[in-house]
Amino acid sequence: MKTTKEQQKLELIASLCKRRGFIFQSSEIYGGINGFWDYGPLGTELKRNIRDSWWRDTVMRRTDIVGLDASIIMHPRIWEASGHIGGFADPMVDCRACRKRFKADNLCEEQGKELIIDGKNFKLPEGIICPACESKELTEPRAFNLMFKTFVGPVEDESSVAYLRPETAQGIFAQFANVLATSRQKVPFGIAQIGKAFRNEINPRNYTFRSREFEQMELEFFIKPGSDKEWHSYWVEERLKWYNSVGLPAEKLHKDIHPKEKLAHYASACTDIAYDFPFGRQELEGIAARGNFDLTQHQQHSGKPLEYFDQETNERFIPHVVEPSAGVDRIALALICNAYCEEWVPTAKVQGPVLEAEEGKQPPDGYEARTVMRFHPRIAPVRAGVFPLLKNKPELMNKAKDVFGMLNERWNCFWDQTGAIGRRYRRQDEIGTPYCITIDFDTLEDNTVTLRERDSMQQERVPVDELVARLDPQFR
Ligand code: GAP
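Residues numbered from 1 in each chain as written. Predicted model: local features only at pLDDT ≥ 70, side-chain atom pairs only at ≥ 80, totals over all residues. Heavy atoms only, no water.

Novice: Run through the site of the ligand, naming residues and quoting values.
Specialist: In the region of the ligand, 19 residues are neighbours, and Glu167, Arg199, Glu218, Glu283 and Leu284 sit closest. In the model, a nitrogen atom of the ligand is placed 2.8 Å from a nitrogen or oxygen of the Ser211 main chain. Measuring from a nitrogen atom of the ligand, one finds a side-chain N or O atom of Glu218 at 2.6 Å. For the ligand, whose free accessible area comes to 560 Å², the fraction covered by protein is 88%. Secondary-structure elements contributing two or more residues to the shell around the ligand are β12 (213-223), β15 (280-291) and β18 (320-327). (Near = heavy atom within 4 Å. Polar contact = N/O pair within 3.5 Å; in protein donor to acceptor, adjacent residues only side chain to side chain. Areas by Shrake-Rupley, 256 points an atom, 1.4 Å probe, with all protein chains shown as cover. Helix = DSSP H or I, 4+ residues; strand = E, 2+ residues; numbered from the N terminus.)

Shown next, in the form of structure tokens:
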């Protein structure tokens, strides 16, 4: 259960996200739609940087992984083969009194109990009540398929039913043979994909954490049978390193290892990477060793061979797979929660350390409050703020525009010509811009600018010609 303090933190974060244009409720002017979110200008940049950074590390910087961009709607038989039509269901419970609907396992967990599972059947333990109206009148759990259904073509009947993909992974398995034939890859190798996925979640909740439309970054890494354990460990460690590289600290990340008895029958290992959100420790990514279940299923259901021939050993086999599967939106939320910081900083009047802000209190004399998003420069939505010292001096404005043009061509930068420089810094701090660059009268003399770093608030003079080389490594 969330404590009030944790709830308050999430509310503060959500309010900043709305005020500064990170995240908006979808269709807000019509009252919103539950489980759907829109990303504003800054959220869009943040997500783009997350995707780019994942793609660069997972695909571009390696020679053994290639990309794919499969369609969202695929042949419905894909979902038969994958088991989603038969088994991609959550047990749900309805309250007979207030008619609200809940996910049975969450409901039990929140009330300190465990859902009783007997094969494919579920039962509520004694004493569970409706969290909305406290009634005991709850239905028994029933399976609820999470896939969104639609129809392809003009006729809406059983033969035209199709589904919005609930994961991107199956597109990769379905195109395994084509990618293998065209990419000159050899096992072990991977296929990576980023794209939207859709699940009709019973209870979307915790802000954007569980949504009905979200984005996944999935890798299927195909391996020789028998090497599952070593590749699984390898990918868990690689993925943890990636999370550190975008600024999530090791102490807030956890490896949640699934016990053997809770694994799917075909899986030999599954480890979730979880993060300490304000609402508790929750999964960001699952890394599963899935054996050859998916390719075998598609081979059987499609009748097309999906085997691999190893020319070195003359062996023919269906590759096993290790699947790191991450959610862009969850990572964005973790990065936002992690970055959010309120502190008291000394003004020019005093000398002293930066203090952690105390809730509900005013900063001490000579200090001012600042809200700062400490995004890692790799994923910060705005990489640099560029400020001409005075807007009514054409020489300064022209020089500042040149500097802005040079940087903005490479990275998303922000131009701000209004207000005192201190206020312009604060505005950038609040959206997590790691660097601010001020063009002043000295710039006109010696071609140097003031470069101010967000976290230390240190300022230094840097030649304009060195700016790109200086900043570029921070953003890679
Ligand atoms: N192909 C495997 C797969 O889809 P999953 O654990 O169901 O596994 C992988 O999903 C990741 O996708 C999760 O770790 C999470 O980051 C993200 N994800 C899943 N459901 C989500 C939802 N309803 N809202 C936001 N992200 C979600």
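Novice: Tell me about the sheet that holds strand β8 (residues 142-145), residues and numbers included.
Specialist: Strand order across the open sheet formed by three strands is β5-β4-β8, with antiparallel pairing between neighbours. Looking along the sheet, the strands with just one partner apiece sit at the ends: β5 (101-103) and β8. Strand-to-strand, the axes of this sheet are offset by a mean angle of 50°, without reference to chain direction. (Pairing = 2+ DSSP bridges. Axes fitted to C-alpha atoms, helices over the stretch in contact; angles between N-to-C directions.)

Novice: How would you sum up the environment of Asp52? Please name residues and give values.
Specialist: With respect to the element layout, Asp52 can be found in helix α2 (residues 41-60). Among the residues examined, Asp52 registers a relative accessible area of 34% and is labelled partly exposed. Considered as a pair, Asp52 and Arg476 are 424 residues apart in the sequence and their alpha carbons are 9.8 Å apart. (Buried < 20%, exposed > 50% of the residue type's maximum accessible area, 1.4 Å probe, protein only.)

Novice: Lay out a nonpolar patch on the surface in plain terms, naming residues and giving numbers.
Specialist: Taken together, the side chains of Leu390, Phe441 and Leu444 define a hydrophobic patch exposed on the protein surface, amounting to about 220 Å² of accessible area. Here Leu390 lies in the loop between β22 (384-388) and α11 (394-408). A relative accessible area of 33% places Leu390 in the partly exposed class. (Patch = residues over 30% accessible without salt bridge, like charges linked within 9 Å, V, L, I, M, F, W, Y side chains within 5 Å. Salt bridge = Lys/Arg side-chain N within 4 Å of Asp/Glu carboxyl O.)

Novice: Kindly report on the sheet that holds β22, identifying the contributing residues and their values.
Specialist: The pairing of strands in a sheet comes from backbone hydrogen bonds and takes either a parallel or an antiparallel form. The five strands lie next to each other as β23-β22-β24-β25-β26, forming an open sheet whose pairing is mixed. On the outer flanks of this sheet lie β23 (413-415) and β26 (459-463), each paired with one strand and no other. Neighbour-to-neighbour, the strand axes of the sheet open up by a mean angle of 25°, direction not taken into account. Where strand β24 (residues 435-439) meets strand β25 (residues 448-453), four bridges bridge the pair, whose relative direction is antiparallel. The partner of Tyr435 across the bridge, within β25, is Glu453. Along the sheet, α11 contacts β22, β23 and β24; its crossing angle with β23, the most-contacted strand, is approximately 160°. Across the sheet, helix α12 (residues 421-431) lies against β22, β23, β24, β25 and β26, angled at about 165° from β22, the strand it touches most. (Contact = heavy atoms within 4.5 Å.)

Novice: Summarise the side chain of Arg452; cite the residues concerned and give the values.
Specialist: On the secondary structure map, Arg452 appears in strand β25. Judged by relative accessible area, Arg452 falls into the buried class, the value being 2%. For Arg452, the side chain forms a polar contact with the side chain of Asp429, separated by 2.8 Å. In this view, Arg452 contacts Arg370, Tyr425, Arg426, Asp429, Pro434, Tyr435, Cys436, Met457, Gln458 and Gln459; residues no more than four positions away in its chain are not counted.

Novice: With reference to specific residues and values, describe the pattern of salt bridges.
Specialist: Within this structure, the stated rule accounts for 38 salt bridges. Put simply, Glu430 and Arg19 hold a salt bridge, and the shortest N to O gap is 2.7 Å. Separated by 411 residues along the polypeptide, Glu430 in helix α12 and Arg19 in helix α1 (residues 4-19) bring together distant segments of the chain. For Arg19, a relative accessible area of 49% puts it in the partly exposed group. Arg426 is the salt-bridge partner of Asp429, the closest N and O atoms lying 3.3 Å from each other.

Novice: Can you lay out the domain arrangement of the chain for me, pointing to particular residues and giving the numbers?
Specialist: On domain assignment, one finds that the chain holds domain 1 (4-75 + 155-337), domain 2 (89-145) and domain 3 (382-475). A separation of 37 Å is found between the C-alpha centroids of domain 1 and domain 3. Contacts between the two partners involve eight residues from domain 1, matched on the other side by seven residues from domain 3. Taking both sides of the interface into account, the surface hidden between domain 1 and domain 3 amounts to around 630 Å²; carbon and sulfur atoms contribute 43%. Across the domain 1-domain 3 interface, the total number found is two salt bridges. (Domains from an automatic or database assignment. Buried area = accessible area lost by both parts, 1.4 Å probe.)

Novice: Just give me the short version of unusual backbone geometry, but keep the residues and values in it.
Specialist: Among all residues save glycine, negative phi is the norm, and among peptide bonds the norm is trans. The omega torsion across Val187 and Pro188 is 5°, close enough to zero to call that bond cis. Positive phi outside glycine occurs at Asn314, with the angle close to 60°. For Asn314, the location among the structural elements is in the loop between β16 (308-310) and β17 (315-317). The class for Asn314 is exposed, based on a relative accessible area of 60%. The phi dihedral of Met457 falls on the positive side, at around 60°, and the residue is not glycine. With respect to the element layout, Met457 can be found in the loop between β25 and β26.

Novice: Describe α1, with residues and values.
Specialist: Helix length check: α1 (16 residues) gives 22 Å between terminal C-alpha atoms against 22 Å at 1.5 Å per residue, within 8%. All buried positions along α1 are accounted for by Leu10, Ile13, Leu16 and Cys17. For α1, the angular spread of buried residues about the axis comes to 125°, placing them on one side. The exposed residues of α1 that point more than 90 degrees off its buried face are Thr4, Lys5 and Glu11. (Expected span 1.5 Å × (residues − 1). Arc of directions from axis to C-beta.)

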